[in-house]
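Here is how the chains run, residue by residue.
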Amino acid sequence: MVIRKRGGRMAQEGMWPEGNQPPQPADVTRQPAIQRGSRLSAFLKKLPLPDCLHHQFTLTGLNLERFLNTLQKEGISLISARRVDRRTLRCICRSVDLETITAIAHGKGWRMEKVVPVGLGARLRRWLRRPGLVIGAVLAAVLLVVALRFIWMIRIVDAGPYQADIASYLAQEGYRRGMRKDETDAATLSLLLQRRYPDVAWFRVYVNNVTLVVECTQGVPAPQLPDAQPCDLLAARDGVVQSVQVYGGTALVRPGDLVRRGQVLIRGEERGADGEMVPVAARGRVIARCWQEETVRVSMQETLSQETGQSEIRRQLCTPWFCWPDALESPDYLTYHLYLTDTPVVGSFFPVWQRVAEYREVALTENTRPTAEARTEAGSAAMAQLRNALRGYRIADTWVETRMGEDGYMYATASGEYLADLVLDEQGQPNRASDVLVQ
């Protein structure tokens, strides 16, 4: 109760006119119950409500701050409030408070417009108006659950030369796309594969989602034991000897000697205790400086392509199993550029996409390349080829020589010096010759 001043003096007790006595205070015994009820109501209003119980409205009028203060006094909280302009406010409230907010706005002179439900509730209403969409979503969910009970892909990992044979064997045993997961016995299949392919060290078979995975682990072959038969060690390549280490036999070369391929490095014989030569298996290491050359040629003519502006488009509907049509028909162009674009089909449960192929006609012209550019490209290609040939060796030095050929090609020769064991061939095996005569 607000006490106002009358005639500049505060109205005191006993100064009220007859019949206009001030209201009596409420019964004190009822105040705790009222306070408990108001606290419970305020607590319930503060509880977060789902998105489906929200409404959005636009409020127009003057003194919008007063509207917000009035809602605060009434214990009503808004989800959001955003000022559009000086006289417009866009708000989102709980649907349970919409009736009270409407009464406050109409009673105080504000105008409410564009009252619409928002959030999940509005979406559900829109979806329920389209029963076909709901039925389609339910059918898609059912198809997804059913499809997850089958195997749709078979993946074979690290099978090497057995890739095609393992795929054929799986089909022979009945492991195909479309089989049920509960019909797959991974342990039995793993044992069958181990018995069929003894050279493979290990098989691991398991089902990952809708894919049957067969992982293969290739075995490492056992190292070959040194041959005990009497033999000589021959040079596997040309080189200049740097060091010689003999483990068995008699060395025929020494550091500084120039050795040709096929020359005997270590003879397979040793002098025995009685002074006679005894045949043995020659063993040892002969480190030498070797040289390697790789030559590459690059044409001085280059072909440039330029699009003429003519193009044709072909479309194809594709799945992981087939395409329709089976093949794209190319246009009647002499030369063309092909641009492929794959777009998934929206709303389809199965993996389906549309392939758009655009064929653009191009015109070809022959030009002579700059000499510096051709020399650089040929040198880089020759050096890359040399490094690939000497992979695994320690390269000491490299250099490149280029020349222009009379046939219109640029030739580049890359040479490299490296250290290698003359006893070992390209496969890393000793280069033996078992032609020692037993005395």
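Cut-offs used in this document
Residues numbered from 1 in each chain as written. Predicted model: local features only at pLDDT ≥ 70, side-chain atom pairs only at ≥ 80, totals over all residues. Heavy atoms only, no water. Pairing = 2+ DSSP bridges. Helix = DSSP H or I, 4+ residues; strand = E, 2+ residues; numbered from the N terminus. Buried < 20%, exposed > 50% of the residue type's maximum accessible area, 1.4 Å probe, protein only. Contact = heavy atoms within 4.5 Å. Axes fitted to C-alpha atoms, helices over the stretch in contact; angles between N-to-C directions. pLDDT = per-residue confidence, 0-100. Core = buried A, V, L, I, M, F, W, Y, C linked by side-chain atoms within 4.5 Å. Salt bridge = Lys/Arg side-chain N within 4 Å of Asp/Glu carboxyl O. Parallel < 35°, antiparallel > 145°, perpendicular 65-115°, else oblique. Left-handed = near helix turned anticlockwise from the far one by under 90°. Nonpolar A, V, L, I, M, F, W, Y, C, P; charged D, E, K, R; others polar.

J.: Sorry, what's going on with the sheet that holds strand β19 (residues 323–324) here?
T.: What links the strands of a sheet is backbone hydrogen bonding, and the strands pair in either a parallel or an antiparallel sense. Across the sheet, which stays open at both edges, the 4 strands sit in the order β19-β18-β21-β20 with antiparallel pairing between neighbours. At either end of the open sheet lies a strand with only one pairing partner, and these are β19 and β20 (336–344). As judged from the 2 bridges shared by strand β18 (residues 301–318) and β19, these two strands associate in the antiparallel manner. Across the sheet, the residue bridging to L317 is W324, located in β19.

J.: How should I be thinking about the environment of L422 in this particular structure?
T.: Among the secondary structure elements, L422 is positioned in the loop between β23 (409–421) and β24 (432–433). The class for L422 is buried, based on a relative accessible area of 0%. In this structure L422 touches L234, A235, A236, R237, D238, V241, V259, L265, V286, A288 and C290, once residues within four positions along its chain are discounted.

J.: When you look at the sheet that holds strand β9 (residues 211–218) in this model, what are you seeing that I'm missing?
T.: If you walk across this open sheet you meet the 3 strands as β7-β9-β8, and the pairing is mixed. Of all the strands in the sheet, the pair left with one neighbour each is β7 (153–157) and β8 (200–208). Direction aside, the axes of adjacent strands within the sheet are offset by 15 degrees on average. Here β8 pairs with β9 via 8 bridges, running antiparallel. Across the sheet, V205 pairs through a bridge with V214, a residue of β9. Contacting β7, β8 and β9, helix α6 (residues 163–172) crosses the sheet at an angle of about 145 degrees to β7. Strand contacts of helix α7 (residues 186–196): β8 and β9, with the helix running at about 155 degrees to β8, the strand carrying the most contacts.

J.: Would you take a moment to explain the confidence of the model for the protein chain for this structure?
T.: A low pLDDT score tells you not to read the predicted coordinates there in detail. Averaged over every residue, the pLDDT of the protein chain is 82; the share at 70 or more is 84%. Note on residues 1–34: pLDDT is under 50 here. Beyond four places in sequence and across chains, it has 11 contacts. Contacts of residues 435–439 to residues separated by more than four positions or lying in other chains number 9 contacts, the stretch itself having pLDDT below 50.

J.: Before we go on, may I ask you to explain the nonpolar core in this structure?
T.: In summary, soluble globular proteins display a tendency toward joint burial of nonpolar side chains. Residues V259, L265, V286 and L422 are the most contacted members of the largest nonpolar core, which totals 27 residues. The set of elements that each furnish at least two residues to this core consists of β14 (264–267), β17 (283–299), α8 (371–389) and β23. Beyond its immediate chain neighbours, meaning those up to four positions away, V259 contacts A235, R237, D238, G239, V241, V253, L265 and L422. Membership of the second largest hydrophobic core comes to 17 residues, among which are I166, L193, Y197 and V205.

J.: Is there a simple way to think about the pattern of salt bridges in this case?
T.: Pairing between side chains of opposite charge can happen when the charged atoms of each approach one another. Enumeration according to the criterion identifies 16 salt bridges in this entry. Across the pair D238 and R260 runs a salt bridge, and its minimum N-O distance is 3.7 Å. Here D238 is found in the loop between β10 (232–234) and β11 (239–248), whereas its partner R260 is found in the loop between β13 (258–259) and β14, with 22 residues between them in sequence. A salt bridge links E358 to R360; the shortest N-O distance between them is 3.1 Å. Owing to a relative accessible area of 23%, E358 belongs among the partly exposed residues under this scheme. Put simply, E307, E358 and R360 are held in one network by salt bridges that share partners.

J.: Help me understand the packing of α6 against α7 in this model?
T.: Each pair of packed helices can be summarised by the angle the axes make with each other and by the distance between the axes. Where α6 contacts α7, the axes come no closer than 12 Å and their chain directions differ by 130 degrees. As judged from the angle between their axes, α6 and α7 are oblique. Helix-helix and strand crossings are classified by hand; for α6 and α7 the assignment is right-handed. Residues D165, I166, Y169 and L170 of α6 pack against L189, L192, L193 and R196 of α7. Here the contact of α6 with α7 is composed, by residue class, of 6 nonpolar, no polar and 2 charged.

J.: What am I meant to see in unusual backbone geometry here?
T.: Note on backbone geometry: most residues besides glycine have negative phi, and most peptide bonds are trans. Across the junction of W324 and P325, the peptide omega takes the value -5 degrees, indicating a cis bond. With respect to the helices and strands, the residue P325 is situated in the loop between β19 and β20. Even without being glycine, N63 reaches a positive phi, approximately 55 degrees. By the element assignment, N63 lies in the loop between β3 (54–60) and α2 (64–73). N63 gets classed as partly exposed once you look at its relative accessible area, which sits at 46%. Unlike most non-glycine residues, D158 shows phi in positive territory, near 55 degrees. Its location among the elements puts D158 in the loop between β7 and α6.

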